[in-house]
Amino acid sequence: MNPFVIIFSIILLTSLLLTGVMVFLRKRFFRPELVSRQQIHSSIFSFFATLYAFFLGFAIVTLWSAFLHAKADVIKEANTLMRAFQISSILPNSQGVRQTLMDYVKGVRDEEWPEMDRNSQMHGPTGKRFDIVWDRYLRTRPKNGSDNDLYVSLGSYLHEASGYRTARELCLKGNLYPPVWVLIVFGFLSMIYCLYVTNIQQNPAQVIFEVVVIFFVLSFIYFIADINNPFSGTINVLPDPFDRAYQKMLELQGP
């Protein structure tokens, strides 16, 4: 089953449950003489709802931009490693560089990506493989001056790939400032309270409206939590560029 069907079904059930709790509390504790004292003026609620909606929208736009940036960096990282592999095939005595590059790309795809998804951290042994790539590169310094340009170009690609790897690591702990979560949770609880005291004299239309509002807000919060870390969750950056790079390296390497 599609995971989004399960997730949004849970969100819908939660919305129905919260609305049902509010209906029960109103029936249990409602007293007509307290209506005027319990209600919040609609203009105040509208201002709060607008402010909270703007805040959630700002968080979504910021995180979505960071998600797309992380996805683009992964593509650039894999392409940079592929270019380094192609250049190393021209340099003499560079078989070690090509083999370590292949091992590193395969390690990122098969070992590091699952670790990033499960534990939101880089895979130590895979990082050491990249150190081995640098070691092999330094040992292939050409004796012929005519190959110096290729050697420098290879080093530039490896340096660029190292920068993309660092950027990937920085995204693992989330892109949303931690205190923002306090505002999100507190804002949601405040919204529930406002809905409760605003619709004391409830009717079916108001109850349905409450379900819709809670469902949308919970959906937005789920989306924020899911894309806060681009490499884990339901919506995540896949290692497909590394898989394509590795398959291409195998083809170029030959039997």
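Every chain is numbered independently, its residues counted from 1 as its sequence is written. Under the rules for a predicted model, residues below a pLDDT of 70 receive no local features and side-chain atom pairs below 80 are neither given nor counted, while totals for whole chains, interfaces and linings still include all residues. Derived side-chain values reflect all non-hydrogen atoms in the structure, with water molecules and hydrogen atoms excluded from consideration.

S.K.: Outline unusual backbone geometry, listing residues and values.
M.R.: Leave glycine aside and you will find that most residues have negative phi; peptide bonds, for their part, are mostly trans. Not every positive phi belongs to a glycine, and Asn93 is a case in point at roughly 55 degrees. Helix and strand assignments come from DSSP, with helices taken as H or I runs of at least 4 residues and strands as E runs of at least 2, each series counted from the N terminus. You can see Asn93 is positioned in the loop between α3 (42-88) and α4 (95-119). By relative accessible area, which is 73% here, Asn93 ends up exposed. Relative accessibility decides the category of a residue: with a 1.4 Å probe and only protein chains considered, values under 20% of the type maximum give buried, values over 50% give exposed, and everything between is partly exposed.

S.K.: Which residues make up the nonpolar core, and what values do they have?
M.R.: If you look at the biggest cluster of nonpolar residues, it comprises 62 residues, and the most contacted ones within it are Leu81, Phe188 and Phe231. Of all elements in the fold, only α1 (3-29), α3, α4, α5 (124-139), α6 (148-170), α7 (178-198), α8 (204-227) and α9 (240-253) reach the threshold of two or more residues within this core. Of all the elements, α3 adds the most residues to this core, at 15 residues. We call two residues contacting when some pair of their heavy atoms lies within 4.5 Å. Leave out the neighbours within four places in its chain, and Leu81 touches Leu101, Tyr104, Val105, Phe130, Ala161, Phe242 and Met249. In these notes, a set of buried Ala, Val, Leu, Ile, Met, Phe, Trp, Tyr and Cys residues joined through side-chain atoms within 4.5 Å is what counts as a nonpolar core.

S.K.: Please provide a residue-by-residue account of the packing of aromatic side chains, values included.
M.R.: In this scheme Phe, Tyr and Trp rings, the latter by its six-membered ring, pair at centre separations within 6.5 Å, and the angle between planes marks the pair as stacked below 30 degrees, edge-to-face above 60, and tilted otherwise. Across all of its chains, the model carries 13 aromatic pairs by this definition. Relative to Phe67, the ring of Trp64 lies with its centre 5.1 Å away and its plane at 10 degrees, an arrangement referred to as stacked. Residue Trp64 and its partner Phe67 are located together in helix α3, separated by 3 residues, close to a single helical turn. Judged by relative accessible area, Phe67 falls into the buried class, the value being 5%.

S.K.: Break down the environment of Phe85 for me, with residues and values.
M.R.: Examined against the element boundaries, Phe85 turns out to sit in helix α3. Aside from chain neighbours lying at most four places away, what touches Phe85 is Arg98, Leu101, Met102, Met249, Leu252 and Gln253.

S.K.: Break down α1 for me, with residues and values.
M.R.: Compared with the 39 Å implied by 1.5 Å per residue over 27 residues, the 39 Å span of α1 between its first and last C-alpha is a close match. Of all the residues in α1, the buried ones are Ile7, Ile11, Ser15, Thr19, Met22, Val23 and Arg26. The inward-facing, buried residues of α1 abut α7 and α8. Take the residue count of a helix, subtract one, and multiply by 1.5 Å to get its expected span.

S.K.: Could you give me a rundown of α5, with the residues and numbers involved?
M.R.: Compared with an ideal rise of 1.5 Å per residue, which puts 16 residues at 22 Å, α5 spans 23 Å between its outermost C-alpha atoms and is within 8% of the ideal. Every buried residue of α5 is accounted for by Thr126, Gly127, Phe130, Val133 and Tyr137. In a view along the axis of α5, the buried residues occupy a sector of 110 degrees, so they form one face of it. The exposed residues of α5 that point more than 90 degrees off its buried face are Lys128, Asp131, Leu138 and Arg139. The arc in question is the one spanned by the directions pointing from the helix axis to the C-beta atoms.

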